[in-house]
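# Commentary on secondary and tertiary structure
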Amino acid sequence: MANKFIVFEGIDGSGKTTQSKLLAEKINGKYTCEPTNGDIGKLIRDILSGKKCEKETLALLFAADRVEHVVDIEQHLKKTHIVCDRYVYSSMVYQAIQGIDLNFIMNINQFAKKPDILIFLDVDVEESFKRMNGKNKEIFENKEMLNKVRAKYYEIIKKRLFEPKYGYIKINTTGKSIEEVHDNILTELREKNIF
Ligand SMILES: Nc1ncnc2c1ncn2[C@@H]1O[C@H](COP(=O)(O)OP(=O)(O)OP(=O)(O)O)[C@@H](O)[C@H]1O
Ligand SMILES: Cc1cn([C@H]2C[C@H](O)[C@@H](COP(=O)(O)O)O2)c(=O)[nH]c1=O
């Protein structure tokens, strides 16, 4: 069976990093994330922490970071599964909400590799704020914004934009423990015969 490329998406504080690391460990895969820890990813994190930047520049930086990331993903897929914490769908959501045209976003990300599955971790915004507990999120730190982000994820999935090979898994994490969400994910992956 070929190694799988699995992507986690969801609003800030939905549990992506927690769950993607748990899944990567469970399936002996490699955890990766966007923005990456490379030079472009580091520049993006500087911007996200408050450095001024035009929204078009940020969209291009995420796409540029993704160019390097996709090369890395392709290499590692030869040897192991990949579990990715945020990917092109975050650009389709966050940059679109910032006012960037979706066709432009898809065009600058046209090289992005389609994942095998997208796991969308849904959560009530109120709960996500409690979980983030003051984490410094300059650009996207308000409930109205995160509600727009959540709605945009639903829109993308409904329209099946950049549809993964085996489709989507949607997990509602509100009121669930980390372990319960992890178990839900494993169950859904087995039901889709991903593993
Ligand atoms: N199901 C859960 N119940 C309660 N707390 C959780 C749950 N999942 C994650 N957390 C906690 O919520 C916080 C955010 O989790 P995590 O960093 O995994 O979210 P994230 O979606 O990656 O957030 P971001 O997009 O902001 O990086 C962490 O402190 C984590 O321990
Ligand atoms: C990949 C990607 C991310 N973003 C935004 C979404 C988040 O608010 C931050 C990343 O923060 P995290 O705590 O590391 O998840 O960046 C974006 O706007 N566009 C993207 O493509």
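From a predicted model like this one, the values you see are computed outputs, not experimental measurements.

Moving on, we get to the UniProt feature "binding site: ATP" (unreviewed entry) in the protein. Taken from the UniProt record, the annotation "binding site: ATP" (unreviewed entry) applies to Gly10, Ile11, Asp12, Gly13, Ser14, Gly15, Lys16 and Thr17. Its location among the elements puts Ile11 in the loop between β1 (5-9) and α1 (16-26). In this structure, Ile11 is in contact with Lys16, Arg86, Tyr94, Leu121, Val123, Val125, Ser128, Leu146, Val149, Arg150 and Tyr153, ignoring residues within four places of it in sequence. Tracing the chain through its elements places Gly13 in the loop between β1 and α1. Judged by relative accessible area, Gly13 falls into the partly exposed class, the value being 22%. Those residues in contact with Gly13, other than ones at most four positions away along the chain, are Val123, Ser128, Arg131 and Met132.

What follows covers the confidence of the model for the protein. On average, residues of the protein score 94 in pLDDT, and 96% of them are at 70 or above. The ipTM assigned to the predicted complex is 0.98, against a pTM of 0.96.

Attention now moves to the site of ligand 1. If you check the shell around ligand 1, you find 15 residues, and the closest are Gly15, Lys16, Thr17, Thr18 and Lys176. Between ligand 1 and Lys16 there is a distance of 2.5 Å, counted from an oxygen atom to a side-chain nitrogen or oxygen. Measuring from an oxygen atom of ligand 1, one finds a side-chain N or O atom of Thr18 at 2.6 Å. Contact with the protein chains covers 74% of the free accessible surface of ligand 1, which is 630 Å². The leading source of residues in the shell around ligand 1 is α1, at 3 residues. In terms of residue class, the shell around ligand 1 is built from 2 nonpolar, 6 polar and 7 charged.

Time to look at the packing of aromatic side chains. Going through the model one piece at a time under the given rule, you end up with 4 aromatic pairs. With a centroid separation of 5.1 Å and 40° between ring planes, the pair formed by Phe120 and Tyr153 is classed as tilted. Placement of the pair is Phe120 in strand β4 (residues 117-122) and Tyr153 in helix α7 (residues 143-158), with a sequence separation of 33 residues. Of the two residues examined, Phe120 and Tyr153, each falls in the buried class. Between the aromatic rings of Phe120 and Tyr154, the centroid separation amounts to 5.7 Å while the plane-to-plane angle is 80°, which identifies the pairing as edge-to-face. Of the two residues, Phe120 is situated in strand β4 and Tyr154 in helix α7; the sequence distance between them amounts to 34 residues. Here a set of aromatic residues connected by ring pairs shows up, and it is made of Phe120, Tyr153 and Tyr154. Taking NZ or CZ as reference, Arg66 lies 5.9 Å from the ring centre of Tyr87, over its face. The ring of Phe162 is capped by Lys114, whose NZ or CZ atom sits 5.7 Å from the centre of that ring.

Rules of the game
- Residues numbered from 1 in each chain as written.
- Chains lettered and ligands numbered in written order.
- Predicted model: local features only at pLDDT ≥ 70, side-chain atom pairs only at ≥ 80, totals over all residues.
- Heavy atoms only, no water.
- UniProt positions renumbered as here; feature names shortened; annotations may be inferred.
- Helix = DSSP H or I, 4+ residues; strand = E, 2+ residues; numbered from the N terminus.
- Contact = heavy atoms within 4.5 Å.
- Buried < 20%, exposed > 50% of the residue type's maximum accessible area, 1.4 Å probe, protein only.
- pLDDT = per-residue confidence, 0-100.
- Near = heavy atom within 4 Å.
- Polar contact = N/O pair within 3.5 Å; in protein donor to acceptor, adjacent residues only side chain to side chain.
- Areas by Shrake-Rupley, 256 points an atom, 1.4 Å probe, with all protein chains shown as cover.
- Nonpolar A, V, L, I, M, F, W, Y, C, P; charged D, E, K, R; others polar.
- Phe/Tyr/Trp six-rings, centres within 6.5 Å; stacked < 30°, edge-to-face > 60°.
- Lys NZ or Arg CZ within 6 Å of the ring centre and 35° of its normal.

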